[in-house]
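# Descriptive structure summary
Here are the chains, one letter per residue:
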Amino acid sequence: MGGSSHNDHEAAGEPGFCGSSRLGWRGRAREWKLVVGLLQAAKVGRGGIVLVEGRSGAGKSRLLGMAVAAAATAGFGVAQGAADELTQLIPLAPLISALEPSGRTLPADDCLALAGPADQRLLLVERLLGPLEQRVAQGPMLLALDDVQWADPMTLVALRSMTRDLASYPLVWMLTRTTGSGDCPRLNRLFDVLERDGAIRITLEALDERAVADVVTDVLGAAPEPDVLALAGIADGNPFLLVDLLEKLKGEGVFHIADGHVGMDSARLPRAQVVTQERLNELSERTRHLLQVAAVLGRSFSVKDLAEILGESTIGLLPMVEEAMSAGIVEPAGDQLTFRHDLLWQAVVGTIPTPVRQALHRDAGEMLLKRGGSAVPAAAHLIHSAGRGDESALRGLGQAAREVLRSSPQTAADLALRALELSDPADPDWVGRAATAADALTAIGRLPEAADLARGALSKAPPAQAPHLRCALAYILLLSGRPADAVAEAESLLTQHDVPDDLRGIAEWTVCWGLICLNDFGKGRLRAESVLAERERHTDAAVVGALLLLARFAVADGRVADSFAHLHEALQIANSGTVEAIQRPYTRLLLSLNWRAMRQFEESDIAIQAAEEEIKACGLTVLAAQPALFRSVVKLAAGRLDDAAAEAQAGLMIADELGTHGFIRVGVSMLALIAMRRGDIDAAVRHIERYHSIDAAPGMLFGSVWERWVMAAVVEAQGDPDRAVDILHAIYTDKEERCWALLTTPLTAAWMTRLALATANRPYAQTIVDTVEYLAQSNPDFPALATTAAHARGILYRDPGALASAAADQPEPWARASGAEDLGVLLSTTPGASAREQAIASLDQALDGYEHIGALRDAARVRARLRALGVRRRHWAQLQRPAFGWDSLTDTERAVAVLIARGMTNRQAAARMFLSPHTVSTHLRRMFSKLDIASRVELACIVAEECPDLLKDT
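Cut-off values and rules
Residues numbered from 1 in each chain as written. Predicted model: local features only at pLDDT ≥ 70, side-chain atom pairs only at ≥ 80, totals over all residues. Heavy atoms only, no water. Core = buried A, V, L, I, M, F, W, Y, C linked by side-chain atoms within 4.5 Å. Buried < 20%, exposed > 50% of the residue type's maximum accessible area, 1.4 Å probe, protein only. Helix = DSSP H or I, 4+ residues; strand = E, 2+ residues; numbered from the N terminus. Contact = heavy atoms within 4.5 Å. Pairing = 2+ DSSP bridges. Axes fitted to C-alpha atoms, helices over the stretch in contact; angles between N-to-C directions. Parallel < 35°, antiparallel > 145°, perpendicular 65-115°, else oblique. Nonpolar A, V, L, I, M, F, W, Y, C, P; charged D, E, K, R; others polar. Expected span 1.5 Å × (residues − 1). Salt bridge = Lys/Arg side-chain N within 4 Å of Asp/Glu carboxyl O. Phe/Tyr/Trp six-rings, centres within 6.5 Å; stacked < 30°, edge-to-face > 60°. Polar contact = N/O pair within 3.5 Å; in protein donor to acceptor, adjacent residues only side chain to side chain.

## Details of the nonpolar core
- Ranked by internal contacts, the top residues of the largest apolar core, which has 203 residues, are Leu548, Trp706 and Tyr732.
- Counting residues per element, this core draws most heavily on helix α26 (residues 540-557), at twelve residues.
- Leaving out residues up to four positions away in the same chain, Leu548 has contacts with Trp509, Trp513, Ile516, Leu567, Ala570, Tyr586, Thr587 and Leu590.
- Counting 53 residues, the second largest nonpolar core, distinct from the first, contains Leu283, Ala327, Phe339 and Ala364.

What follows is the structure, given as structure tokens:
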């Protein structure tokens with residue numbers, strides 16, 4: 001790689017940006033040109049990502065530094081940060097160092113000081129993402145992060161989310177990492193995903209012979225003779241080692257210049273690393289020792305820390321620091337000193353015997369612990385030096401794990417598990433460390449390990465610690481999809497005396513929610529009624545749980561108004577702030593479920609948005625994917641298949657990024673149903689196969705009915721209606737299951753009636769019709785139920801009037817088209833020309849309805865029915881919107897385009913349209929592809945040209 005570097009400037013230089021012809025910087029014309037191309041694109045509104053990797057000394061930091069200088073010169077906003085070995089325990093340290101003016105590492109806002117199970121990950125990322133979006137909305141920006149091989153787990157999560165959500169802005173991300181020092185699966189995965197999404201990946205290989213010759217000429221001022229080139233060859237094409245070698249030997253007078261060429265006065269060919277070592281050996285003994293201690297403190301270090309650990313005054317250190325700087329080993333970096341290059345740092349570290357290095361890390365950790373404050377910086381040293389039974393180090397590791405538990409549970413898990421490895425099981429503090437580890441493992445979704453640790457700790461716990469562990473275990477079991485075990489564990493805790501109120505509240509809540517998951521109507525009713533009969537004896541958490549139980553059972557009984565009443569009362573109590581944070585979003589999510597069932601889509605959206613805000617504010621990362629999954633179902637009901645698919649995919653991405661895999665089955669089932677409606681049965685089957693491959697876990701709130709129906713629908717589409725009936729057997733035969741299914745998933749009424757008749761099972765069809773009519777009569781304030789009943793009744797009794805009513809009044813576009821289709825089918829079997837014309841008209845209505853929402857499979861079926869009547873309609877593919885251009889955009893995409901063209905950020909547009917920011921960014925990516933553009937500026941120009949009236953203030 002890397003051709004002649006004499007033309008680097010001409011090849012890579014662009015107006016407003018410097019070229020790459022610099023001392024020691026040769027053979028990188030192609031790489032620099034790629035970077036310049038991204039910066040130039042950002043000037044006209046396009047964003048991008050460049051990933052730079054290579055071994056130490058290959059020039060990654062120099063490439064990044066040149067990009068930062070070029071961007072600043074061109075008027076870009078610039079944010080620059082770096083990771084290092086001793087900050088990899090600090091959540092989001094590289095991003096915060098780049099984006100927070102104060103440079104502080106952990107937010108100190110009161111809103112983040114949450115008790116209980118609060119998980120700050122959502123808040124921390126939002127805190128960085130919101131201001132960054134506002135900043136980059138003002139103009140092009142470069143965000144450069146160096147040495148991300150040392151980045152903490154939360155930084156990697158944030159980078160994936162932020163790069164995707166801000167892809168439509170003129171933001172250039174530049175991430176560098178050093179390779180060759182061990183595998184990093186999380187970082188490998190991030191780089192692979194970013195590259196798959198369009199990032200430019202640059203691997204800085206060794207310099208070729210021409211570039212090496214050019215570097216020699218740069219450094220020595222003359223063209224190299226063969227002996228000098230042979231000397232340069234020992235650096236193996238590593239730019240830093242090559243320059244370091246040449247400058248060191250140049251200072252020793254090894255070279256001579258004659259007739260424009262440089263040769264050697266000595267025949268020695270030392271190893272490049274030996275030259276670096278010689279540079280260190282030439283220092284005084286005191287300075288070498290100072291550098292060794294400094295190296296233990298990190299690649300960058302404070303003079304204050306160095307003075308304290310050495311027991312010296314700052315004045316006393318000055319001569320040694322000056323000598324190290326004069327030798328080119330260290331240099332200033334803000335308010336700290338830093339080793340001039342990673343290889344120099346590694347060289348110094350390599351001179352310290354392992355036992356001594358461990359002891360120095362131990363001393364550094366103790367020094368930082370004695371200062372008080374955060375234990376996280378100390379833990380970075382202790383994790384390298386702590387020995388088995390080292391109580392002081394174990395306390396430091398435990399304190400650090402607890403500090404980062406809510407902001408970076410992966411880091412907390414690493415620290416807590418390391419502390420457990422070093423602990424004697426008989427140590428009285430072992431139980432507390434195990435509890436912390438269990439909490440961290442729960443947060444990152446490693447539930448079996450968390451449960452095992454909680455049980456092990458519980459077997460050794462003294463009475464004072466046992467309640468917390470029982471409560472944690474019950475919560476783990478609930479998240480693991482084992483509600484019966486969760487209820488048993490929580491009830492065991494509630495039988496004990498002197499349980500703190502906060503734990504009692506969580507346990508009572510767990511019992512209630514477990515009974516909801518179990519659909520245990522008998523036990524659930526008794527518990528709810530007993531709690532509400534003696535409210536003063538129970539926590540508010542228990543009262544809210546009881547009300548949610550009653551709301552659930554009211555739906556199962558067919559009493560929709562009562563369900564709403566219970567939920568509104570629960571919401572009032574939850575808003576008082578006396579319940580656990582985990583409870584607050586559930587009430588709103590259940591309200592959204594009820595509103596959707598009653599076809600009140602806007603009210604459902606409002607409830608979901610409020611729940612999403614609570615999930616973020618309360619730090620409930622475990623529920624982070626839920627709002628998108630709920631929205632997916634609402635958008636599908638509203639006939640917006642693209643939005644439904646985008647929300648389902650957003651929910652799955654969030655779950656994958658945060659490790660909350662327990663709630664993704666409903667997302668997969670949503671994608672299966674959408675694929676089936678679009679006519680892609682193979683894709684639908686693949687989604688169902690993926691669904692079955694997911695370990696059993698609770699679905700989205702009451703997702704099981706929905707998921708069973710989707711599986712049955714796909715099976716029926718494959719031509720096996722009898723198996724579909726078997727899948728839905730419990731709904732056909734159990735009254736409470738049937739009421740719940742028909743209220744929460746109204747589409748099932750007509751569909752299951754039709755399925756039962758198709759399998760010659762009229763009694764099943766009759767139970768569906770009887771139940772849905774009972775629900776309609778019991779809930780006259782909710783007319784959507786009457787329409788649903790009319791549709792099912794019309795199918796069973798072949799009643800054209802009832803079907804006509806369904807075709808006219810159904811709030812859901814797909815259900816409305818389905819009613820028209822059923823009416824057309826019925827009329828097509830009725831004798832007479834008039835009936836035939838009415839049948840054709842109804843089928844045309846159904847065809848238009850299906851085609852409008854993109855239900856291609858259903859449209860194809862209706863066209864076949866029309867052909868049977870002697871009527872041919874053009875295939876929708878001939879009428880559908882084009883694949884590219886303005887006319888290819890969906891209604892939602894156009895609405896998003898207009899809001900973006902008006903200057904709104906993604907978050908502002910999302911709030912206006914009741915979408916998630918993830919979904920808005922998804923729509924933007926699709927629009928950019930359809931319009932062959934890559935910036936918001938280009939999008940605004942197209943909107944102004946195509947529909948200028950829409951840009952006027954409304």
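## Describing the sheet that holds strand β2 (residues 77-82)
- The parallel open sheet is built from five strands, whose spatial order is β2-β3-β4-β1-β5. Of all strands in the sheet, those with a lone pairing partner are β2 and β5 (200-203), marking the two edges. The average angle at which neighbouring strand axes cross in this sheet is 15 degrees, direction not considered.
- By the bridge criterion, seven bridges tie strand β1 (residues 48-54) to strand β4 (residues 171-178) in an arrangement that is parallel. Pairing of Ile49 across the sheet is with Trp173, part of β4.
- In the packing of helix α6 (residues 153-165) onto the sheet, contacts are made with β1, β3 (141-146) and β4, and the angle to β4 comes to roughly 155 degrees.

## Here we look at the packing of helix α28 (residues 584-597) against helix α37 (residues 735-744)
- At a closest axis distance of 8 Å, the pairing of α28 and α37 adopts a crossing angle of 75 degrees. Our classification of the angle between α28 and α37 gives roughly perpendicular. Of the residues in α37, those in contact with Leu593, Arg596 and Ala597 of α28 are Trp740, Leu743 and Thr744.
- Here the contact of α28 with α37 is composed, by residue class, of four nonpolar, one polar and one charged.

## Side note on unusual backbone geometry
- The backbone of Asp498 sits at a positive phi, close to 60 degrees, despite the residue not being glycine.
- Relative to the assigned elements, Asp498 resides in the loop between α23 (483-494) and α24 (501-518).
- What makes Asp498 exposed here is its relative accessible area of 75%.

## Some remarks on the sheet that holds strand β10 (residues 330-333)
- Reading across the sheet, the three strands line up as β9-β11-β10 and stay open at both edges, with antiparallel pairing between neighbours. The sheet is open, and its two edges are formed by β9 (300-301) and β10, each paired on a single side.
- Pairing geometry for β10 and strand β11 (residues 336-339), over four bridges, is antiparallel. Residue Ala333 lies in a different strand from β11, and its bridge partner there is Gln336.

## Quick look at helix α29 (residues 601-617)
- With 17 residues, α29 extends 24 Å from end C-alpha to end C-alpha; this agrees with the ideal 24 Å at 1.5 Å per step.
- Along α29, the residues classified as buried are Phe601, Ser604, Asp605, Ala607, Ile608, Gln609, Ala610, Ala611, Glu612, Glu614 and Ile615.
- On the buried face of α29, the contacting elements are α5 (121-136), α27 (560-575), α28, α30 (626-637) and α47 (906-913).

## Remarks on the pattern of salt bridges
- All chains considered together, the criterion is met by 50 salt bridges.
- Among the salt bridges present, the one from Arg201 reaches Glu53, with a minimum N-O distance of 2.9 Å. One end of the pair, Arg201, is in strand β5; the other, Glu53, is in strand β1, with 148 residues separating them in the sequence.
- We note a salt bridge from Glu893 to Lys930, for which the minimum N-O separation is 2.9 Å.

## Thoughts on the packing of aromatic side chains
- Within the structure shown, the criterion is met by ten aromatic pairs.
- Aromatic side chains Trp814 and Tyr850 sit 6.3 Å apart centroid to centroid with 50 degrees between the ring planes, which places their arrangement in the tilted category. Taken together, the positions of Trp814 in helix α42 (residues 813-828) and Tyr850 in helix α43 (residues 833-853) put the pair 36 residues apart, joining distant regions of the chain.
- Ring pairing ties together the aromatic residues Trp509, Trp513 and Tyr586, which thus form one cluster.

## Details of the side chain of Arg177
- When you line up the elements, Arg177 lands in strand β4.
- Take Arg177: its relative accessible area is 8%, and that puts it in the buried class.
- Of note is the side chain of Arg177, whose polar atom sits 2.7 Å from the side chain of Asn188.
- Contact partners of Arg177, with chain neighbours within four places excluded, come to Val52, Glu53, Gly54, Lys60, Val148, Gln149, Leu187, Asn188, Phe191 and Arg201.

## Some words on the side chain of Ser888
- If you trace the backbone, Ser888 turns up in the loop between α45 (876-879) and α46 (891-901).
- On the basis of relative accessibility, which here comes to 1%, the residue Ser888 falls in the buried class.

## Overview of helix α10 (residues 239-251)
- With 13 residues, α10 ought to run about 18 Å at 1.5 Å a step, and its terminal C-alpha atoms sit 18 Å apart, in line with that.
- Among the 13 residues of α10, ten are classified as buried, and the element is accordingly described as predominantly covered.
- Within the span of α10, buried status applies to Pro239, Phe240, Leu241, Leu242, Val243, Asp244, Leu245, Leu246, Lys248 and Leu249.
- The N-capping residue of α10, defined by a side-chain oxygen 3.1 Å from the backbone nitrogen of Phe240, is Asn238.
- Gly253 occupies a position one or two residues after α10 and carries a positive phi of about 75 degrees.

## What about the environment of Leu142?
- Tracing the backbone shows Leu142 in strand β3.
- Overall, Leu142 belongs to the buried group, its relative accessible area being 1%.
- Counting along the chain gives 65 residues from Leu142 to Gly77, while the straight-line C-alpha distance between them is 6.3 Å.
- Every residue in contact with Leu142, bar those within four places of it in the chain, is listed here: Leu39, Ala67, Val68, Ala71, Phe76, Gly77, Val78, Ala79, Val172 and Met174.

## With respect to the environment of Ile942
- Considering the arrangement of structural elements, one finds Ile942 in helix α49 (residues 936-946).
- Once residues within four sequence positions are removed from consideration, Ile942 is found in contact with Trp886, Leu931 and Ile933.

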